[in-house]
Amino acid sequence: MDPWLRPIQLEGESVKLVPLQKSQKVDLVFAASDGKLWELWYTTVPSPKTMDSYLDTALAQQAEGNALPFAIINKKTNSIVGSTRYLNVDAKNKRLEIGATWYAKKVQRTGINTECKYLLLKYAFENLNCIAVEFRTHFHNHPSRNAILRLGAKQDGILRNHRVDEHGNMRDTVVYSILNTEWKTVKTALEFKMGRSYLG
């Protein structure tokens with residue numbers, strides 16, 4: 001693996017991000033089954049049938065130095081509630097994407113996503129010295145698009161007919177980013193938001 005990106009553990013007030021492992025399969029299936037997330041046509045979430053290939057792909061990308069996948073642990077229940085990863089890693093240009101993120105339905109819109117993204121962004125900008133962090137999502141995935149905007153990211157553009165999904169549908173991909181020059185302000189806003197949720 002490129003030494004620029006090594007397996008790490010990130011921890012906040014309510015979440016812990018730990019390296020993804022095959023031994024987590026049962027817990028990941030349980031998390032994805034909360035809401036049957038794989039039935040959403042505009043996103044890709046592993047099902048009980050596809051979890052093995054999902055893990056194989058994620059760990060292969062990690063071995064190649066192209067990604068760093070995490071399991072998301074809710075510290076209040078000490079249970080896995082989803083997954084996320086650094087991907088499309090460009091060590092030379094100090095850029096990467098935060099994506100392949102999904103959460104069990106019960107923790108969606110609870111503040112878990114905000115803290116996960118905060119931890120990932122903080123490490124990317126303050127430890128890896130990234131010049132930009134990217135987010136990509138399906139044009140029709142409006143919950144994801146709204147969540148990305150709430151983080152403080154700005155839309156770069158739309159890649160039209162970017163991919164063909166397993167049903168033959170053409171996917172338009174919306175691209176967002178946060179620049180290193182914007183991180184200080186984004187960080188302040190996220191910390192303020194998280195502080196309010198903790199006080200609440």
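Below or above, wherever it landed, is the structure these notes cover. These numbers were taken from a predicted model, which means no experiment stands behind them.

## Some details on helix α3 (residues 112-126)
Then, in step 1: Compared with the 21 Å implied by 1.5 Å per residue over 15 residues, the 21 Å span of α3 between its first and last C-alpha is a close match.
Then, in step 2: Most of α3 is tucked away, with 13 of its 15 residues classed as buried.

## Focus on the packing of helix α1 (residues 25-33) against helix α2 (residues 51-63)
Then, in step 1: Following both chains from N to C, one finds α1 and α2 inclined at 115 degrees, their axes separated by 11 Å at the closest point. The angle between α1 and α2 places the two elements in the roughly perpendicular class. Crossing of α1 over α2 shows right-handed handedness. Of the residues in α2, those in contact with K25, L28 and V29 of α1 are M51, D52 and L55.
Then, in step 2: Partitioning the contact of α1 with α2 into residue classes produces 4 nonpolar, no polar and 2 charged.

## Overview of the pattern of salt bridges
Then, in step 1: Evaluation of the coordinates by the stated rule reveals 8 salt bridges.
Then, in step 2: Note that K22 is salt-bridged to D56, the shortest N-O span being 2.9 Å. Here K22, found in the loop between β2 (15-19) and α1, pairs with D56, found in helix α2; they are 34 residues apart in sequence, far enough to count as distant.
Then, in step 3: Its salt-bridge partner being E126, residue K187 comes within 2.8 Å of it at the nearest N-O pair.

## Digging into the nonpolar core
Then, in step 1: Ranked by size, the top nonpolar core spans 39 residues in total, and within it Y86, L96, L121, V133 and F135 carry the most contacts.
Then, in step 2: For this core, the element with the most residues is α3, which contributes 9 residues.
Then, in step 3: Not counting the four nearest positions on each side in its chain, V133 is found in contact with L96, I98, L121, A124, F125, Y176, S177 and I178.
Then, in step 4: In terms of nonpolar packing, the next biggest core, distinct from the first, is built from 16 residues, V18, A31, M51 and A104 among them.

## Brief notes about unusual backbone geometry
Then, in step 1: Even without being a glycine, N78 presents a positive backbone phi close to 50 degrees.
Then, in step 2: Within the fold, N78 resides in the loop between β3 (68-74) and β4 (79-90).
Then, in step 3: Judged by relative accessible area, N78 falls into the exposed class, the value being 60%.
Then, in step 4: Backbone geometry at K94 places phi at a positive 55 degrees, although glycine is not the residue there.
Then, in step 5: Structurally, K94 is set in the loop between β4 and β5 (95-103).
Then, in step 6: Overall, K94 belongs to the partly exposed group, its relative accessible area being 31%.

## Remarks on the sheet that holds strand β8 (residues 170-179)
Then, in step 1: Across the sheet, 8 strands lie side by side as β1-β2-β3-β4-β5-β6-β8-β7; this open sheet has mixed pairing. Here the strands that pair on one side only, and so sit at the sheet edges, are β1 (10-11) and β7 (154-164).
Then, in step 2: Summarising the sheet, β3 and β4 pair through 7 bridges and their orientation is antiparallel. Residue pairing across strands places A71 opposite S83, the latter belonging to β4.
Then, in step 3: Sheet strands in contact with α1 are β4 and β5, and its direction is about 100 degrees off that of β4.
Then, in step 4: The sheet contacts of helix α4 (residues 142-151) involve β6 (132-138), β7 and β8, and relative to β6 the element is tilted by about 160 degrees.

## Comments concerning the pairing of β4
Then, in step 1: Taking burial as the measure, the 12 residues of β4 include 9 buried ones, the bulk of the element.
Then, in step 2: Between β4 and β5, which pair antiparallel in sequence order, lie 4 residues; one of them, K94, sits at a positive phi of approximately 55 degrees.

## Comments concerning α2
Then, in step 1: Taking 1.5 Å per residue as the helical rise, α2 with its 13 residues ought to reach 18 Å, and the 18 Å between its terminal C-alpha atoms agrees with that figure.
Then, in step 2: Taken residue by residue, α2 has M51, Y54, L55, A58 and Q62 as its buried positions. The buried residues of α2 occupy an angular sector of 95 degrees when projected down its axis, which confines them to one face.
Then, in step 3: Close packing links the buried residues of α2 with α1, β3, β4 and β5.
Then, in step 4: Phi turns positive one or two residues past the end of α2, at G65, with a value near 80 degrees.

The rules behind each value
Residues numbered from 1 in each chain as written. Predicted model: local features only at pLDDT ≥ 70, side-chain atom pairs only at ≥ 80, totals over all residues. Heavy atoms only, no water. Helix = DSSP H or I, 4+ residues; strand = E, 2+ residues; numbered from the N terminus. Expected span 1.5 Å × (residues − 1). Buried < 20%, exposed > 50% of the residue type's maximum accessible area, 1.4 Å probe, protein only. Axes fitted to C-alpha atoms, helices over the stretch in contact; angles between N-to-C directions. Parallel < 35°, antiparallel > 145°, perpendicular 65-115°, else oblique. Left-handed = near helix turned anticlockwise from the far one by under 90°. Contact = heavy atoms within 4.5 Å. Nonpolar A, V, L, I, M, F, W, Y, C, P; charged D, E, K, R; others polar. Salt bridge = Lys/Arg side-chain N within 4 Å of Asp/Glu carboxyl O. Core = buried A, V, L, I, M, F, W, Y, C linked by side-chain atoms within 4.5 Å. Pairing = 2+ DSSP bridges. Arc of directions from axis to C-beta.

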